[in-house]
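Each chain is listed here by its residues.
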Amino acid sequence: MSITEKEQEIIEEFALYDDWMDKYEYIIELGKELPIIEEQYKTKDRLIKGCQSQVWLHADCKNNKMTFSADSDAIITKGIIALLIRVVNNESPADVARSDFQFIKEIGLQEHLSPTRSNGLVSMVKEMKLNALKAVK
Amino acid sequence: MNIKSIRSQFPILEQKIHGKPLVYFDNGATTQKPLSVIQRINDYYARENANIHRGVHTLSQEATTAYENARTMIQNYLGAKENHEILFTKGTTDGINLVAFSFGELLKAEDEIIISAMEHHSNIVPWQMLCERKGCKLRIIPMDEKGDLVLDTYDSLLSNKTKLVAVTHISNALGTVNDVEHIIKKAHAVGAKVLIDGAQSIQHIQVNVQELDCDFYAFSGHKLFGPTGIGVLYGKEEILNLMPPYQGGGDMIKEVTLEKTTYNSLPHKFEAGTPNIAGGIGLGTAFEFLNSLDMKEVVKHEQELLEYATSELEKIEGIKFYGQAKVKTSVISFLIEGLHPYDVGTLLDKMGIAVRTGHHCTQPIMNQFCIPGTIRASFAFYNTKGEIDVFIKALNRIIPMLKN
Ligand SMILES: Cc1ncc(COP(=O)(O)O)c(C=O)c1O
């Protein structure tokens, strides 16, 4: 599945919920299910400090495919991370570097990616793309 | 107090957020505005707008009168001796920076400034900058685990080196009401001046600057039902006269030649440039509004809200309160075991409830408690027990969602 197709899939999943609390219930579930980043990668240099919540990100590239693992101290932040990772995992560095995560807006979660929110997510997205750019062959 | 009629004067309280009636519990960050303030600003721009202090034409004179009347209104409300002891600023931060610069110019290396461990960043950083600039030393009054200042230590910090004590009247993060009378008396006994950060005070308690005998008192209009971008620095005339100006420009001068300038008298010496005229006039109206309230009733109602919310929150398993000072205003800072404030704040918002989460610009307090931040509910007199019920119900819905 391409990034666009995965994004479309998420948009359709979220269309099932018309109540905010249901939507968040789902995000929290995703947050709880996100495979935890291996302890060895939860280091200071992988920590992205926000004012409200913090994020750890580890990126890898093998056979021209990016993989990410991440964690956050806030569960909603973690749920949104799970969505972002689902979209870009196993994609080529070039595609990851190009993606703009528009689907977040479509499902009504753009407030979490606002620079003023200071939850570490904006910097995390930047960091994901930087890692991808570095891996572009 | 007729809360219903008071609420009807605050149009924003009718708002719906995500389809739910707004429950506004972020009054520590900023308060909502009554119609009278909104209309006054509107009227000013619609009918009176002109630059002040510099025109002979009718509008300029009317605008000047309105602006200066606001100053007098505030002088009377705060019990200041002179109307020119009320300086218009951008807000608390601006007022503190003014003192840190201009009063700071009178200081020399090895002079000492005392602040407390519960200050807002805007009553910490300007003093650190002054210490860098002048080689002064910063001393800190410690805070105990309840959120009270340790005044015995304060007394022992004072010496003839102390030139200024800058403390908050009421803590924005914990609600502690400090014994500023004691702090001021003791400081004066060693010849030091005192600045009180009043950002969280006038909206909750009656303040009289002459009775307090403080030398400076700084606050923001937006936290007491007035507009943003305007505030007041009260200063005693004799001290303000000793201080050099803060900023140079129009309005603050008596005579300018290219070689030398003589400065205008108070308050203009400290009000360079075209001020926030609409803001000043709107702030005057906010004080008129405060004047129309019975402050005793306000205190009583807010204390009831504080007690009711505290006792309801206490029933929640794993709750921990930060700030249990002897005397408190209507601020509750808390955490729930295993729950991140960001998650709680996000979900409360989706239920129409506005609270503050994070460190509240008081990182030293959070460091002392070894926490990254809290959830803070801060009430104003227009809040109700019914809203607290909505809040508690929302928390009880959220907690099982977030717990593993
Ligand atoms: C105790 C205290 N001091 C200072 C400030 C700064 O006020 P302003 O940002 O309006 O200048 C605040 C505002 O949060 C405050 O609560």
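The rules behind the values
Residues numbered from 1 in each chain as written. Chains lettered and ligands numbered in written order. Predicted model: local features only at pLDDT ≥ 70, side-chain atom pairs only at ≥ 80, totals over all residues. Heavy atoms only, no water. Contact = heavy atoms within 4.5 Å. Salt bridge = Lys/Arg side-chain N within 4 Å of Asp/Glu carboxyl O. Polar contact = N/O pair within 3.5 Å; in protein donor to acceptor, adjacent residues only side chain to side chain. Helix = DSSP H or I, 4+ residues; strand = E, 2+ residues; numbered from the N terminus. Nonpolar A, V, L, I, M, F, W, Y, C, P; charged D, E, K, R; others polar. Buried < 20%, exposed > 50% of the residue type's maximum accessible area, 1.4 Å probe, protein only.

Counting residues at the interface gives 19 residues for chain A and 18 residues for chain B. If you look at where chain A meets chain B, you find one salt bridge. A salt bridge links B:Lys350 to A:Glu111, with the shortest nitrogen-to-oxygen separation between them at 3.0 Å. Summed over the shared surface of chain A and chain B, the number is seven residue pairs in polar contact (both at pLDDT 80 or more). Going through the elements one at a time, α2 (20–33) and α3 (75–88) of chain A are the ones with two or more residues in the side of chain A that touches chain B. Among the elements that line the side of chain A that touches chain B, the one with the most residues is α2(A), at six residues. Split into classes, the residues belonging to the side of chain A that touches chain B amount to eight nonpolar, five polar and six charged.

Turning our eyes to something else, we now look at the pattern of salt bridges. Taken as a whole and assessed by the stated rule, the structure comprises 26 salt bridges over all chains. Here A:Asp60 and A:Lys62 are joined by a salt bridge, their closest N and O atoms 3.8 Å apart. The shortest N-O distance in the salt bridge between B:Glu271 and B:Arg71 comes to 2.9 Å. In this pair, B:Glu271 sits in the loop between β12 (261–263) and α10 (277–291) while B:Arg71 sits in helix α3 (residues 58–78), placing the two residues 200 residues apart along the sequence. An identical accessibility class is assigned to B:Glu271 and B:Arg71; each is buried. Three or more residues joined by partner-sharing salt bridges are found here, namely A:Glu9, A:Glu13 and A:Arg86.

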